[in-house]
Amino acid sequence: MATPRSLAAPFSVTRLAASSLSTLRPEVCRFATPAYQTIRCATTSKTQPAKKKKARNTFRQYDLKKTEQFALVDAMQYIRAFEVGRNPSSSKYELHVRLRTLKNGPVVRNRLRLPHSVKTDLRICVIAPADSKAGQEARSAGATLVGEEEIFKQVQEGVIEFDRCICHIDSLQKLNKAGLGRLLGPKGLMPSTKTGTVVTNVGPTVRNMVGGSEYRERLGVIRMAVGQLGFTPAEMQENIKSFMDALKKDVSQLQDRVSKEIHEVVLSSTNAPGFTLNGEFKGPNSISPALLTGPL
Amino acid sequence: MVNIIARARKLQELLWIRCGPGALVLPKEVSKISMEFNTKIYGGHRGARKFWREMLPRIKYRNPSVPIEISRHTSPDGPALLHIYTKTTPNTPDGSSNTSVPSLHTQSGTADTPPSSTPNARNTLVPDATKPTYSINIRDQQHSEILDALLAKLPESEVVRPTPEEEQQMVDMAEFKERSEADRVLVREKLMKERREAELLRLARGETAAAA
């Protein structure tokens, strides 16, 4: 390489080449030393964002074939062993249902009344005139607070002594006028037609709510407490079945817009790991369900 | 929901609840076990708590129909006791004491079983008046010593030996644990090195910035 260059040099020393060389050289020299580190940084930062992947719009799902799945009785035997010595009124069975769904699609959200209720000490507030027919219905169905102005006043003073709030459709205007959205909204207590808490017939709604529980999909998973720790396998089976039926119904109602499928059902409890259910009540090696009926 | 890999790992480790010290089938006349100890470990209550956390799940797994109850008090000088209740009438053939009762969460305990920790009713039920057959003082004892004492009181109980496959699994699990511990050290070293280098670089860059 050295010889051709030395040969070419005398020929190619034209005005153009010389000028281009002379303009290039000082530039390189000027920036070389101080810019050394900054150039390194710049190149690395430039190459990284070029590799950016397309964001996925569904939740990642794993193949369940490799995981161990349990029959209900087996899972309950393990869970009861994990919950040994705990206070049975504070520990609960939980069900987690994983869906195959879009990340940004509509979510499943509803409430239902399980055949064997998990929590019974719910305080319900009904916004309707206390002396009206709806108000009386609500009281007889088990609402703890019934009224209009009195309740608005209490809430505005910051006294919120209820866990659910229902509004009769005739009282909705008054409620909106009272401007309680800023107080009740953050707690999720503000009645609205979207959540199904503005109703015409108060009685049945309250009755459903007393033993009922709400569920909603968050990040592709629906979680709900489905039983007390002292439930027998048969009771748990009924509860789980009715919950799954309600869920399937909700999903089918959404079906015209999106597709949601149930991917995995996991039973766990407050102090136990999650057991993936295989949909069976009893496996071939399971113990007799009668053994699990006793107190914990 | 917990990541499926983490969950699967937990389920693989379920072996610990099936085998190991404490995996025993109690004799049929045992109707209930209850423990009583402090909420804190001071004053010799550590063994009791460890027994509860490690051995009782195994006992409960093998004896699902025996109620086990724990009451914890707040004074370090209080008692640390393990009560064993027995009843003279033998159980029904399948080992269950209350097959005739469909559900216990709606009603209190039957006559032959002492009322135990039924849901919502632990503190509201009439306290159990029957005297425990055996009471073992478990203060200042290791959890293995407590198990030995329990076995001494109930010599008929049958210890469940792990099958060869389970033994193999246990060995594998132990190996895996050991390896993961070694790996953890390696990864930690690497991570610390990276962090140190990053820190040095940051310092160097800060100095150049200060100089310029």
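Residues numbered from 1 in each chain as written. Chains lettered and ligands numbered in written order. Predicted model: local features only at pLDDT ≥ 70, side-chain atom pairs only at ≥ 80, totals over all residues. Heavy atoms only, no water.

**What about empty space enclosed by the protein?**
Moving on, step 1. Enumeration according to the criterion identifies 1 cavity of 30 Å³ or more in this entry.
Moving on, step 2. Roughly 30 Å³ of volume is contained in the largest cavity.
Moving on, step 3. If you go around the largest cavity, the residues you meet are T67, E68, E264 and T276 of chain A together with I4, R7, A8 and L11 of chain B.
Moving on, step 4. Among the elements that line the lining of the largest cavity, the one with the most residues is helix 1 (residues 4-12) of chain B, at 4 residues. (1 Å grid on protein atoms, 1.4 Å probe; cavity = no way out; pocket = protein on both sides within 12 Å on 5 of 7 lines; lining within 4 Å. Points joined across faces, edges and corners; volume = space filled by probe spheres on them. Helix = DSSP H or I, 4+ residues; strand = E, 2+ residues; numbered from the N terminus.)

**Let's talk about the nonpolar core**
Moving on, step 1. L95, Y215, M236, F243, L267 and F275 of chain A are the most contacted members of the largest nonpolar core, which has 42 residues in total.
Moving on, step 2. For this core, the elements supplying multiple residues, two or more each, are helix 4 (72-82), strand 1 (92-100), strand 8 (221-228), helix 10 (233-254), strand 9 (261-269) and strand 10 (272-276) of chain A.
Moving on, step 3. The residues contacting L95 of chain A, other than those within four sequence positions of it, are I222, R223, M224, V226, I240, F243, M244, V265, V266, L267 and L277 of chain A.
Moving on, step 4. The next biggest cluster of nonpolar side chains, apart from the first, holds 26 residues, and it includes I33, W52, I84 and L147 of chain B. (Core = buried A, V, L, I, M, F, W, Y, C linked by side-chain atoms within 4.5 Å. Buried < 20%, exposed > 50% of the residue type's maximum accessible area, 1.4 Å probe, protein only. Contact = heavy atoms within 4.5 Å.)

**Structural notes on the pattern of salt bridges**
Moving on, step 1. One pass over the structure, following the stated rule, counts 7 salt bridges over all chains.
Moving on, step 2. Between E217 of chain A and K260 of chain A there is a salt bridge, and its shortest N-O distance comes to 2.8 Å. In this pair, E217 of chain A is assigned in strand 7 (residues 212-218) and K260 of chain A in the loop between helix 10 and strand 9, connecting sequence segments 43 residues apart.
Moving on, step 3. Classification of E217 of chain A by relative accessible area gives buried; the value is 5%.
Moving on, step 4. Here R202 of chain B ties to E199 of chain B by a salt bridge, and the two come within 3.2 Å at their closest N and O atoms. (Salt bridge = Lys/Arg side-chain N within 4 Å of Asp/Glu carboxyl O.)

**Overview of unusual backbone geometry**
Moving on, step 1. Notably, L219 of chain A is not glycine yet its phi reads approximately 50°, a positive angle.
Moving on, step 2. Structurally, L219 of chain A can be placed in the loop between strand 7 and strand 8.
Moving on, step 3. With relative accessibility at 68%, the residue L219 of chain A sits in the exposed group.
Moving on, step 4. Phi angles above zero are rare outside glycine, and D140 of chain B is one such case at about 55°.
Moving on, step 5. Inspection of the secondary structure puts D140 of chain B in the loop between strand 5 (134-137) and helix 4 (143-153).
Moving on, step 6. Since its relative accessible area comes to 60%, D140 of chain B is described here as exposed.

**As for the sheet that holds strand 10 of chain A**
Moving on, step 1. Pairing is antiparallel across the open sheet formed by 6 strands, whose spatial order is 2-7-8-1-9-10 (chain A). The open sheet has two edge strands with one neighbour each: strand 2 (109-113) and strand 10 of chain A. The sheet shows a mean angle of 25° between the axes of neighbouring strands, direction not considered.
Moving on, step 2. Helix 1 of chain B contacts strand 9 and strand 10 of chain A of the sheet and is inclined by roughly 105° relative to strand 10 of chain A. (Pairing = 2+ DSSP bridges. Axes fitted to C-alpha atoms, helices over the stretch in contact; angles between N-to-C directions.)

**Considering the packing of aromatic side chains**
Moving on, step 1. Scanning the entire structure with this criterion turns up 7 aromatic pairs over all chains.
Moving on, step 2. Measuring from centroid to centroid gives 5.0 Å for F70 of chain A and F275 of chain A, while their planes differ by 90°, and the two rings are edge-to-face. Separated by 205 residues along the polypeptide, F70 of chain A in the loop between helix 3 (36-50) and helix 4 and F275 of chain A in strand 10 bring together distant segments of the chain.
Moving on, step 3. Relative to F243 of chain A, the ring of Y215 of chain A has its centre 5.1 Å away and its plane inclined at 90°; by these criteria the two rings are edge-to-face. Linking Y215 of chain A in strand 7 with F243 of chain A in helix 10, this pair joins segments that are 28 residues apart in sequence. Across this residue pair, the class does not change: Y215 of chain A and F243 of chain A are buried.
Moving on, step 4. Three or more aromatic residues joined by ring pairs make a cluster, and in this case those are F70, Y78 and F275 of chain A together with Y61 of chain B.
Moving on, step 5. The side chain of K32 of chain B reaches across the aromatic face of Y85 of chain B, ending 5.0 Å from its centre. (Phe/Tyr/Trp six-rings, centres within 6.5 Å; stacked < 30°, edge-to-face > 60°. Lys NZ or Arg CZ within 6 Å of the ring centre and 35° of its normal.)

Bear in mind that shape data such as this cannot, by itself, settle questions of function.
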